[in-house]
Amino acid sequence: MIRAAEKLPAGDGKSFFRAVNERALANLDLWVTAIFPRATKQGSGGFRVKSKDLGRDLQEDIGFDPGGIIDFGVADMGDPNHGKRTAIDMAIEWGGAEDATAAAHWLCDRLGVTPEALGWRDEQAEIAALAAEIGRTLNQDGAVEPGMAAGAPLNRRAHDIPVIRATPFRWPDCSSIPPREWVYGDHLIRGFVSATVAPGGVGKSSLLFAEAASMASGRALLHGVAPATPLNVWIWNGEDPTVELERRLSATMKFYGIRRQDCQGQLYIDSGREMKIVIAETQKSGTVIIRPVVDAIKAAIIEHKIDVVVIDPFVSSHRVPENDNTSIDAIAREWADIADKTNCAIELVHHVRKVGDVEVTVEMARGASALISAARSARVLNQMTSDEGEKAGVENRRLHFRVNSGKSNMSPSSEKATWFRMCSVDLDNGGQLPFGDSIGVVTAWRWPDPLDDITARDLIAVQSAISTGEWRENSQAKDWAGHAVADALKLDVGNKQCKSKIAGLLKIWIKNGALVVIRRPDKNGDERPFIEVGRPADE
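Quick caveat: nothing in here was measured; it's all calculated off a predicted structure. (Residues numbered from 1 in each chain as written. Predicted model: local features only at pLDDT ≥ 70, side-chain atom pairs only at ≥ 80, totals over all residues. Heavy atoms only, no water.)

Colleague: Give a detailed account of the environment of Val233, specifying residues and quantitative values.
Modeller: By secondary structure assignment, the location of Val233 is in strand β9 (residues 233-237). By relative accessible area, Val233 is classed as buried at 0%. Sequence-wise, Val233 and Asp307 are 74 residues apart; in three dimensions their C-alpha atoms are separated by 6.0 Å. (Helix = DSSP H or I, 4+ residues; strand = E, 2+ residues; numbered from the N terminus. Buried < 20%, exposed > 50% of the residue type's maximum accessible area, 1.4 Å probe, protein only.)

Put into structure tokens, the structure is as follows:
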């Protein structure tokens, strides 16, 4: 089971503030940089904030350590506490909190716990709520005005009454604003939810395993993408058993030659067959977020210092109708809140609805659109089409797939997409059996470059062929310039792969000026675009 976060019993106000300070010291990563963006991490797990970054003319810094906080700049200048500070003090002095209560509640929000879980009781607010129920208000002494009916029901408690404040813009120095923390490429970012959408059987889970191997090892395995530092990655798969997850991850590591000692980051894998993660369900009252599960997920992420969480598939993490936009929005926002409170990146993997043999976009994600709307980044996987396979000249196009980013239905061309290929890896686990398991592993694949195997002499030959005739730009015309290119390079213009290469070469040479497009009348007097020689090539 997921180990739930510790909850302290409700008690007096002093125990609440003490509990907040203790929890804050144990989780400095979750709140210090929110107040001090320029704070630097120390080897001890603490932080150091330089006086010059605080805009004060003092020599000493502020030190944050799990054992305590000390403002060395005022420690020997008559400070009554000798520089010792609490997390609540920091939120008031430097974070702009109005008072200790506001500071403690802000810290609870950053720490991902409710104030009530740490012992908060707002008796004054409870009395005010009771008075409001029967049309009375508190007097200046904090007592209910005379005439209040005895035994009036209290239908709402203090924690049900939201506190909404308008926060003034603090006009920070632009250079002091922390940059977005992308952890892997331009898809996964700390504090946010990302989504991967794909039809079944394309290779999405295999892609996630290869990316996890890259993140944990710190190596660039796919198209040169690598994390800044090795990361801790937690993969939860709601469909396959643990042994199958181990097969796929082990095959990935074998293919890329990654050993246990090569991974400075830690990998965690769990199966939904053995440990269910369901954060919401539909009850008679409507959709309900299951708070104990959410709190337990946060606790597990914080305990193991998880940087990236993969939930595959998203549908296994809830029990609500997929087409209920309001419910799916609440669940997606809850995952986003988990990412924010634990400062990790969360990947939600989702299937697409059945749409036939057409181009899949992120807008085709199954069920309600709220999931994609809540995602900071979304990408979609498409298997290589028959036409693409012919143009690329691959033997088995089903082993290839491309990834397109963005929430637009304007998909990039095949040449500009990020391509991958499935390779087979034998685990050699057959023992006495004739054969063992063969597992698919994702590897990077590049769309053929039209300039592959093309030399300067080839361009000179093409320019010579173009100069001897009149060649149209339109590929449908009988006198298309591509025919001259095919003759010069001895390519078969009737072959789709060759024709794609020829069209790509013409586009490149027109762009770099080796060939030019001139509009002039054809033999019938109609103005048409023709291709002529531009800047002469040399060897």
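More follows now that the structure is in view.
Colleague: Any details on empty space enclosed by the protein? Residues and values, ideally.
Modeller: A full pass over the atoms with the stated rule returns 1 cavity of 30 Å³ or more. Taken as a whole, the largest cavity encloses approximately 40 Å³ of empty space. Together, Ser205, Leu208, Phe209, Ile235, Asn237, Val310 and Asp312 line the largest cavity. Counting residues per element, the ones that place at least two in the lining of the largest cavity are α7 (204-217), β9 and β13 (308-312). Broken down by element, the residue count for the lining of the largest cavity peaks at 3 residues, all from α7. Here the residues of the lining of the largest cavity are counted per class, giving 4 nonpolar, 2 polar and 1 charged. (1 Å grid on protein atoms, 1.4 Å probe; cavity = no way out; pocket = protein on both sides within 12 Å on 5 of 7 lines; lining within 4 Å. Points joined across faces, edges and corners; volume = space filled by probe spheres on them. Nonpolar A, V, L, I, M, F, W, Y, C, P; charged D, E, K, R; others polar.)

Colleague: Could you give an account of the layout of surface pockets, with specific residues and numbers?
Modeller: Summary: where empty space remains is shown by rolling a probe the size of a single water molecule over the atoms. What the second largest pocket holds in volume is close to 1400 Å³. Elements with a contribution of two residues or more to the lining of the second largest pocket: α1 (13-26), α2 (32-35), α9 (291-303) and α10 (325-342). Ranked by residues supplied to the lining of the second largest pocket, first place goes to α10 with 4 residues. Across the lining of the second largest pocket, the residue classes break down as 18 nonpolar, 7 polar and 11 charged.

Colleague: Describe unusual backbone geometry, and please don't skip the residues or the numbers.
Modeller: The omega angle of the peptide bond from Asp312 to Pro313 is 0 degrees, so this bond is cis rather than trans. Take Pro313: it is sitting in the loop between β13 and α10. Located in the positive-phi region is Asn343, a residue other than glycine, with phi close to 55 degrees. Residue placement: Asn343 occurs in the loop between α10 and β14 (345-351). Positive phi is not limited to glycine here, since Lys490 has a value of about 55 degrees. Here Lys490 falls in the exposed class, since its relative accessible area comes to 73%.

Structural measurements only, silent on function.
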